[in-house]
Amino acid sequence: MLMDRGYGRVRPLEGGLEAWIEAGGEFEQIDRQD
Amino acid sequence: MEEMTSLLAQYGLLLVFANVLLTQGGAPVPATPMLILAGALVAQGKLAFGPLLGVSVVATLLGNVPWYLAGRRYGYPILRTLCRISIEPDSCVKRTEDIFVRWGALSLIVGKYIPGFATIAPPLAGAMKLGFPRFLLYTAISALLWAVAPIFGGMIFHAEVEWLLARLEDMGAGALILAVAVVALYIAVKSVERYLLMRFLRMVRISVKELRELLGGETIPVVLDVRSALARKLDPRRIPGAIWMDIADTHAATVEIPPGRDVVVYCS
C-alpha cells in the first residue's frame, strides 16, 4: 500500500513495537494531541 | 439413525451446551451443524425450543466472559497472543481493530458472523474497558441472534436434515473420513498460504538489531508508525522519532521521504 503511494524501499519491523521494546529499545510516550 | 437421534434427544441440551461453550471459548469447532440438528429435534418434539436457546446463550456467555476479563486484566498483549494462535495471525490484530473502531460495542453482535473475529471481540471489548453489564447485554443479544438462525433452519428443514443423517449413516465410517478430509484440506491450504507469506515477509523484514544499527549509522531510515488510532490509544508508546501515518485513510497526507532513504514501518 505504501509502495503504491510512491515510497521506495519499505521494510516492516519484525515483531513490531513490542519486539523493539522487549529488546530494550528506547521508546517515547505519544502526546495526546499527536 | 434411531440410536443417534435418541442419544441427541436424551443428551441434546448437554451436547449443545458443550459444543457452544467450546466454540465460544475459542476452540476451532463449528457449532452450527449441532444447532441445526437440535432445531430438527425441536421440530420433531424431541427437544424444547426455550431451554435450547437458553443453553446456547448461557454457554456463549460462559465461553466469552473469561476472555473479556482477560482483556480487561492484560489489555492489548492478550490480543496479540490470541492472534498468534489464529490461523491468519498476520492480518488478525489489524482487522479486528478496524472492526471494533467501526462498530464499537455493536461489533460484539456483528463479529459473530465474521470468521476469526468472534474469538477476538470479547478480549478486545475488555481491553477497551467496555462496561461489564454492557458487555453481557451485547453478548447475550448476539448469542440469541447467532443461535436462533441455525435452530430455525433445522426446524424448517427438519425433513432434509433427517434425510441427510440417514445418507451419512449409510456411508458409515466414510462420512467421518470425508469430514476429517475436508477440515484437513482447509488447514493444509491455509498453512501453505501462511508459509508462503511468511517466507516473503522474512525476505523483506528488518530485525530489531538491524534497525538499531541503521538508526546509529549515517543513513537513518524514516520510521513510520502505521498502527491504527485504537492500537495507539491502547499502547501509547512509539519508537523515538517515529511518524504516525493512518494508512487506512486514503486521503491522509503522505509523509515526504527524501530520495534514497529506507522506510521502516511497524503495524502492531
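In case you missed it, the structure is sitting above this.
What counts, and at which threshold
- Residues numbered from 1 in each chain as written.
- Chains lettered and ligands numbered in written order.
- Predicted model: local features only at pLDDT ≥ 70, side-chain atom pairs only at ≥ 80, totals over all residues.
- Heavy atoms only, no water.
- Helix = DSSP H or I, 4+ residues; strand = E, 2+ residues; numbered from the N terminus.
- Buried < 20%, exposed > 50% of the residue type's maximum accessible area, 1.4 Å probe, protein only.
- Contact = heavy atoms within 4.5 Å.
- Areas by Shrake-Rupley, 256 points an atom, 1.4 Å probe, with all protein chains shown as cover.
- Expected span 1.5 Å × (residues − 1).
- Phe/Tyr/Trp six-rings, centres within 6.5 Å; stacked < 30°, edge-to-face > 60°.
- Pairing = 2+ DSSP bridges.
- Core = buried A, V, L, I, M, F, W, Y, C linked by side-chain atoms within 4.5 Å.
- Axes fitted to C-alpha atoms, helices over the stretch in contact; angles between N-to-C directions.
- Parallel < 35°, antiparallel > 145°, perpendicular 65-115°, else oblique.
- Left-handed = near helix turned anticlockwise from the far one by under 90°.

Q: Whenever I open this one, the overall build of chain B confuses me. Can you help?
A: The secondary structure content of chain B amounts to 12 helices and 4 strands. Split into buried and exposed, the 268 residues of chain B put 39% on the buried side. Here the contacts in chain B between residues at least 6 apart in sequence split such that 69% fall between residues at least 24 apart. Total accessible area computed for chain B in this model is approximately 14400 Å², and 69% of it derives from carbon and sulfur atoms.

Q: It is not clear to me how helix H9 (residues 158-171) of chain B should be interpreted in this structure. Could you clarify?
A: Residues lying three or four places apart along an α-helix face the same way, a consequence of the helix completing one turn every 3.6 residues. The terminal C-alpha atoms of H9 of chain B lie 20 Å apart, and with 14 residues this matches the ideal 20 Å at 1.5 Å per residue to within 8%. Where H9 of chain B ends, the next residue or the one after it, Gly172 of chain B, has phi of about 65 degrees, a positive value.

Q: Honestly, the packing of aromatic side chains in this entry has me stumped. Any pointers?
A: Geometry of an aromatic ring pair is reported as the spacing of the ring centres plus the angle between the planes. Residue and element names in this part refer to chain B. Within this structure, the stated rule accounts for 4 aromatic pairs over all chains. Taking 5.6 Å as the distance between ring centres and 5 degrees as the angle between the ring planes, the aromatic pair formed by Phe49 and Phe152 counts as stacked. Of this pair, Phe49 sits in helix H3 (residues 49-74) while Phe152 sits in helix H8 (residues 132-156), placing them 103 residues apart in sequence. You can call Phe49 partly exposed: its relative accessible area is 28%.

Q: So what exactly am I meant to see when it comes to the environment of Ala31 of chain B here?
A: Residues and elements named next belong to chain B. Of note, Ala31 is situated in the loop between helix H1 (2-24) and helix H2 (32-43). For Ala31, a relative accessible area of 2% corresponds to the buried category. Not counting residues within four places of it along the chain, the set of residues in contact with Ala31 comprises Asn19, Val20, Thr23 and Trp146.

Q: So what exactly am I meant to see when it comes to the sheet that holds strand S1 (residues 222-225) of chain B here?
A: Backbone hydrogen bonds are what pair the strands of a sheet, in a parallel or an antiparallel way. Taking strand neighbours across the sheet as the criterion, the 4 strands line up as S1(A)-S4(B)-S1(B)-S3(B) in an open arrangement whose pairing is parallel. Because the sheet does not close on itself, it has two edges, and the strands there are strand S1 (10-12) of chain A together with strand S3 (243-244) of chain B. Bridge analysis of S1 of chain A against strand S4 (residues 263-266) of chain B gives 3 bridges, and the strand direction is parallel. Residue Val10 of chain A lies in a different strand from S4 of chain B, and its bridge partner there is Val263 of chain B.

Q: Please explain the nonpolar core as it appears in this structure.
A: Residue and element names in this part refer to chain B. In terms of nonpolar packing, the biggest core is built from 20 residues, with Val16, Val20, Leu35, Leu52, Trp146, Ala147 and Ile151 touching the most fellow members. Looking at this core, the elements with two or more residues in it are H1, H2, H3, H8 and H9. Per-element accounting of this core gives the leading share, 6 residues, to H2. Among the nonpolar cores identified, the runner-up in size contains 19 residues, and Tyr68, Tyr76, Phe117 and Tyr138 belong to it.

Q: Explain the packing of H2 of chain B against H3 of chain B here, please?
A: Relative placement of two packed helices is described by the angle separating their axes and the distance separating the axes. All names here are of chain B. It is the contact of H2 with H3, at a shortest axis distance of 10 Å, that shows an interaxial angle of 160 degrees. With respect to their mutual orientation, H2 and H3 come out roughly antiparallel. Remark: the crossing between H2 and H3 carries right-handed chirality. Counting all contacts with H2, which are made through Leu35, Ala38, Gly39 and Val42, the residues of H3 involved are Phe49, Leu52 and Ser56.

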